[in-house]
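Spelled out, the chains give:
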Amino acid sequence: MTFTFVPPPTEPTLRWSARAHSIAEVEAELSRIWASQDMAVRVEGETTRHIAARTNVMNLIVIARRPEFAERCAATVQMLTGRHPSRTIVIQSADPDGPSWLDARVEAHCVMPRPDAPETCAETIHLTCGGESGRHLAAIATPLIIHDLPVTVWWPGEPPLTSPSARDLLSAADRLVVDGSTWSGDGLARLREMAALGESTRSRSATSRWPGSRAGARRSRRSSMIPISSRTSARSAASP
Amino acid sequence: MATTRVKPKEAAPLEAPADQPIPAQPSPRPKDAPLTMKDLREARTGKRPSRAKPVENVLREGLRLERVPDPSIVVLFGATGDLAHRKVIPALYHLWRTNLLPHEFMLVAIGRRPFSDESFRAEIHTALEKYSRVLPLDTDAWESFAQRIDYLQMDFDDAAGFESLSAYLDKHDKEHGTHGNRLFYLATQPSQFAEIVAQLGRVGLDHELHEGGWRRVVIEKPFGHDLDSAKRLNREVGKVFRESQVYRIDHYLGKETVRNLLVFRFGNGIFEPLWNRRYVDHVQITVGESIGIENRGAFYEQTGASRDVLQNHLLQLVCLVAMEPPATFDANALRDEKVKVLRAISADPTGPKSDVVRGQYGPGWVAANNVPGYRQEDDVDPESETETFVAARLTIDDWRWSGVPFYVRTGKRLPKRATEIAIQYRDVPHRLFKDEGVEPDPNLLAIRIQPDEGIMLRFGAKVPGLRLDIRSVTMDFTYGSAFSVDSPDAYETLILDALQGDASLFTRADEVEEAWDIVDPIINAWAEGPPPTFPNYEAGTWGPEAADELLARDGRRWRRI
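Quantities reported herein were computed from a predicted structural model and do not represent experimental measurements.

## Considering the overall build of chain B
Line of reasoning, step 1. Of the regular secondary structure elements, chain B holds 14 helices and 19 strands.
Line of reasoning, step 2. If you line up chain B on its principal axes, its C-alpha atoms span 105 × 75 × 55 Å.
Line of reasoning, step 3. By the burial criterion, 50% of the 561 residues in chain B qualify as buried.
Line of reasoning, step 4. Within chain B, contacts between residues separated by at least 24 positions form 76% of all contacts whose residues are at least 6 apart in sequence.

This is the structure in structure tokens:
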């Protein structure tokens, strides 16, 4: 039996970056990325540049209550582009008592899974929401998700699971990733909250088992995946 | 053969009355008598065709050069209005800029506000800087385009005004060589359509001339506000113009992906065999808008989602998805098939299991903005019962679609602006992988009309690894990345079609009436029933819960868009 050595994917490179100040502008940028010559066309005879393919397997919404969470999560997600490309929406809030504003950075990172393979690219959208808009997470995230792909919410820190804002967001999500090690207080109460979440939304979602995401989650050791759609939610939440 | 007839060599001489001498020559043929085949042949031989054929440029052969329309004048009624500024004039400018309009072209803009030619051109320039698809403006193209815009101030009920318009156009025909070809574009309030058409007829502007010189009329939507008013308007227009001269615009039909739908279905061999009740479980069509009513409260109060979108855009999309292949790509063949679909559509708006759900948005958050509810908008009754959302379960009772529901929905203040058609295929007949504990999702074909026009096919694939695991993957085709050219605006496509006399993307009189025949009973049922409990959905959500129940009842759900 022979084994062939498969080199690891290349480091992701930033191929596109743009700023926007409204959801409509972000949408316009997202469509511009794939229309741009630089991303999509290979010049005849040129061997160094491969066709960029847009390959997303899911929508990943990261709710970062603190800027350092946002950076850390974005860096982790970028590392996963080759293995597990996803449209990532990182939402940060700032100045919750001020007027509403939005600042967005749209990026595309590309990797070559193998040296001879075409490049694959995925988009990351960093959103900073000022004022009250930061409390309406579903309104911000829903317009930006890719249709027909599963939605995962990654919520580092202590998610306020019973708040209306979280409920709206999670009702449209298939899975929730949390980091139980940072929680304070009564962990059991938290688990109960999450179990209730799984119960209430189970009927809405019919995503099948979905192993790729687990491979992705393994890198951030302490996170647990809560599949909102399945009966196992309470069990997998309790396992770590 | 027993029944063979032998033609006499010469016609039998006519019997002359006894008191008159027999004429030496046979009497001349009556003017309208048909020629015999022999006469016909003899008349043709040795004769040259009466008119010299236009010389074709041989270098053009085989090239896909767009045909430029005939020299013509576009007469735009309601030129000072919003639609003209936002859509019609920018579209004409782009056609001009890309050399798709003839050199002998004139735009006669008619409005009620006082403008000189110069001040109107300046106004249009400002509008173009705001609404043009390509910016900055091309100065040379604009200069030459502006030369061709004239402004006429006129009241639409002013009889004398139309007489002078007629004389004015005749004068222009002579000066600019536009050969009497005229396109009348009605971009006014719908209540004025009938009046303008009647006036045009009164001064004879509808008459097509013998030596070329076509006359066409483009009528904007909404075409009527119910079946009766649509019939009445059709009758008024029909008194003046023949149906072949009438172009009723539904700008959705000019969109690139909508036209591509025809190519996708009938230009490919592999989809049409799967396009029926045997393979399709159901169809979902969403026309979602994230915007509200945008200062058009007074208009929307009288319209509502069912008249504004369901009657025209949504039903047109249903027609294009459900119609049979037409025999030719000819305007009437295409529209015949669409009318057949409309006749087969039914929806029961009454009873507890109504096929129709309506909604109205309350205050909420849409894309990082706090927005007011419908009843709090300007010019809206605080107790308004106007629907801003409508969802329906349509059944099409024909051979192809019997038992396949078409779920359609449209609304204002939904989470995102998205227009999509989804063909949901049936489950596999036999679950081969059930012992492995995996169940692939059924296939889905999604046709996205806006934004990011494209087509997506979803199918199951094995996840690499030692276990058997199936994941849904998608094949995506996006216009933006596949073709590096801009799609034209729907209005550009449609105006060019009208100038070229191609009516396939315009709605015919019977089509409009059939569509109202579907929407009318829905509105009537609402009018007869108890008042609705509005608002029933929060701005920024996918409509009222009843819309979800409409599908849940059949064990289905709306796709996540």
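Don't stop here, the text continues.
## Focus on the state of the cysteines
All names here are of chain A.
Line of reasoning, step 1. For the structure on display, the rule yields one disulfide over all chains.
Line of reasoning, step 2. Disulfide pairing places Cys110 opposite Cys121 at an S-S distance of 2.1 Å. On the sign convention where negative means left-handed, the S-S torsion of about 105 degrees between Cys110 and Cys121 marks this disulfide as right-handed. Of this pair, Cys110 sits in strand S5 (residues 101-111) while Cys121 sits in strand S6 (residues 120-130), placing them 11 residues apart in sequence. The same class applies to Cys110 and to Cys121, which are both buried.

## Side note on the pairing of strand S2 (residues 105-111) of chain B
Residue and element names in this part refer to chain B.
Line of reasoning, step 1. Of all seven residues making up S2, seven are buried, and the element is well covered by its neighbours.
Line of reasoning, step 2. Bridge count between strand S1 (residues 72-77) and S2: six bridges; the pairing is parallel. Bridge pairing links Phe77 to Ile110 in S2.
Line of reasoning, step 3. For the crossover that starts at S1, traverses helix H2 (residues 82-97) and ends in the parallel S2, the hand is right-handed.
Line of reasoning, step 4. In this structure, S2 lies alongside strand S3 (residues 149-153), joined through five bridges in parallel fashion. Pairing of Leu107 across the sheet is with Ile149, part of S3.

## Regarding the confidence of the model for chain A
Line of reasoning, step 1. Here chain A averages 71 in pLDDT, and 69% of its residues register 70 or above.
Line of reasoning, step 2. Every residue in residues 201-224 of chain A is under pLDDT 50, and counting partners more than four places away or in other chains gives 60 contacts.

## Some details on helix H9 (residues 297-322) of chain B
Line of reasoning, step 1. Of all the bends in H9(B), the largest measures some 90 degrees and sits at B:Gly304.
Line of reasoning, step 2. Within H9(B), 21 of the 26 residues are buried, which leaves it mostly tucked inside the rest of the structure.

## Considering the sheet that holds S2(B)
Residues and elements named next belong to chain B.
Line of reasoning, step 1. Read from one edge of the open sheet, six strands run S3-S2-S1-S4-S5-S6, paired in parallel fashion. The sheet is open, and its two edges are formed by S3 and strand S6 (246-248), each paired on a single side. For this sheet, the mean angle separating the axes of adjacent strands, direction not counted, is 20 degrees.
Line of reasoning, step 2. For strand S5 (residues 215-219) and S6, the ladder comprises three bridges, and the chain directions are parallel. Counterpart to Ile219 in the pairing with S6 is Arg248.
Line of reasoning, step 3. On the sheet, helix H6 (residues 193-202) packs against S1, strand S4 (182-186) and S5 and is oriented at approximately 155 degrees with respect to S4.

## Things to note about the side chain of B:Thr178
All names here are of chain B.
Line of reasoning, step 1. You can see Thr178 is positioned in the loop between helix H5 (159-176) and S4.
Line of reasoning, step 2. Judged by relative accessible area, which is 0%, Thr178 ranks as buried.
Line of reasoning, step 3. At 2.5 Å, the side chain of Thr178 and the side chain of Asp173 are in polar contact.
Line of reasoning, step 4. Once residues within four sequence positions are removed from consideration, Thr178 is found in contact with Pro71, Ser72, Ile73, Glu104, Phe105, His172 and Asp173.

## Comments concerning the environment of B:Ala418
Residue and element names in this part refer to chain B.
Line of reasoning, step 1. Among the secondary structure elements, Ala418 is positioned in strand S15 (residues 418-425).
Line of reasoning, step 2. The class for Ala418 is buried, based on a relative accessible area of 0%.
Line of reasoning, step 3. The spacing of Ala418 and Thr350 is 68 residues in sequence and 29 Å in space, taken between C-alpha atoms.

What counts, and where the lines are drawn
- For every chain, the first residue of the written sequence is number 1, and numbering continues from 1 onward in sequence order.
- Written order determines the labels here, with chains lettered from A and ligands numbered from 1.
- Given that the model is predicted, a residue must reach a pLDDT of at least 70 before its local features are reported, and side-chain atom pairs must reach 80 or more before they are shown or counted; all residues, however, enter totals for whole chains, interfaces and linings.
- Water and hydrogen atoms play no part in the side-chain values, which are based on all heavy atoms of the structure.
- Helix and strand assignments come from DSSP, with helices taken as H or I runs of at least 4 residues and strands as E runs of at least 2, each series counted from the N terminus.
- For each residue, the accessible area found with a 1.4 Å probe, counting protein chains only, is set against the maximum for its type, and the residue is called buried under 20%, exposed over 50%, and partly exposed in between.
- Residues count as neighbours in contact if any of their non-hydrogen atoms are within 4.5 Å of one another.
- Disulfides are defined as cysteine sulfur pairs within 2.5 Å.
- Strands were regarded as paired on the criterion that DSSP finds at least two bridges between them.
- The handedness of a crossover follows from its direction of travel: if, with the strands pointing away from the viewer, the path from the first strand over the helix to the second runs clockwise, the crossover is right-handed.
- The predictor rates its confidence in each residue with pLDDT, a number between 0 and 100.
- Throughout, the bend at a residue refers to the angle made by two axes, fitted to the seven residues ending there and to the seven starting there.
- Every axis corresponds to a line fitted to the C-alpha atoms, with the helix fit spanning only the stretch in contact, and the corresponding angles, defined between N-to-C directions, vary from 0 to 180 degrees.
- For the purposes of these results, a polar contact is taken to be a pair of N or O atoms within 3.5 Å, where, inside protein, one atom must be able to donate a hydrogen and its partner to accept one; residues adjacent in sequence count only when each atom of the pair is a side-chain atom.

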